[in-house]
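These are the residues of each chain, in order.
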Amino acid sequence: TLGDRLGRNGVQGYRWILCAGPFLSIIPGLLFCFSPSWQMAVAALFVWSLLLTTYQPVSVKLAQSLVPVCMRATAAVVLTFGTGVLGSGLAPLLV
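Since the model is a prediction, treat every value here as computed from it, not as a measurement.

**Q** Help me out: how do you make sense of a nonpolar patch on the surface in this one?
**A** A cluster of nonpolar side chains, contributed by V77, F81, V85, L86, L90, L93 and L94, occupies part of the molecular surface with about 770 Å² of accessible area. In this structure, L90 sits in helix 6 (residues 72-94).

This is the structure in structure tokens:
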């Protein structure tokens, strides 16, 4: 994958993927908000959600590379559970 190719030389390649996906999702997000037709809005929403979630596999990979081998599954579960609780549970209460 693209994350593995960029990550061969170090952690910096993974950081590019973590930042590039959400940054590139700004354009489809604005297109979704200001689209003249519903067909374009649905297409922009698809691209927006696809780009916005590109950080998740790379963040799990980084979490697994920071812990010992015997704790990799635990690190992935804690990270995924934490983002799920914060994103789905606490964020609606704060907004």
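Once you've had a look at it, read on.
**Q** Would you mind going over the environment of R72 with me for this structure?
**A** As for its placement among the helices and strands, R72 is situated in helix 6. A C-alpha to C-alpha distance of 9.3 Å links R72 and V60, two positions 12 residues apart in sequence. With residues near it in sequence (within four places) discarded, R72 still touches Q64 and V67. A distance of 3.4 Å separates a polar side-chain atom of R72 from the backbone oxygen of Q64.

**Q** Can you walk me through the confidence of the model for the protein in this structure?
**A** Low pLDDT marks stretches whose predicted atomic positions should not be read closely. Per-residue confidence for the protein gives a mean pLDDT of 84, with 93% of residues at or over 70. Ranking the helices and strands of the protein by mean pLDDT puts helix 3 (residues 26-33) first, with 94, and helix 1 (residues 2-6) last, with 68.

**Q** Would you mind going over the side chain of S59 with me for this structure?
**A** Positionally, S59 belongs in helix 5 (residues 55-66). Aside from chain neighbours lying at most four places away, what touches S59 is L18 and L79.

**Q** Sorry, what's going on with the side chain of S35 here?
**A** Within the element layout of this structure, S35 appears in the loop between helix 3 and helix 4 (38-52). Reaching out from S35, the side chain makes a polar contact with the backbone oxygen of S37 at a distance of 3.3 Å. For S35, the residues in contact, after removing those within four places along its chain, are M40 and A41.

How each quantity is defined
Residues numbered from 1 in each chain as written. Predicted model: local features only at pLDDT ≥ 70, side-chain atom pairs only at ≥ 80, totals over all residues. Heavy atoms only, no water. Patch = residues over 30% accessible without salt bridge, like charges linked within 9 Å, V, L, I, M, F, W, Y side chains within 5 Å. Areas by Shrake-Rupley, 256 points an atom, 1.4 Å probe, with all protein chains shown as cover. Salt bridge = Lys/Arg side-chain N within 4 Å of Asp/Glu carboxyl O. Helix = DSSP H or I, 4+ residues; strand = E, 2+ residues; numbered from the N terminus. Contact = heavy atoms within 4.5 Å. Polar contact = N/O pair within 3.5 Å; in protein donor to acceptor, adjacent residues only side chain to side chain. pLDDT = per-residue confidence, 0-100.

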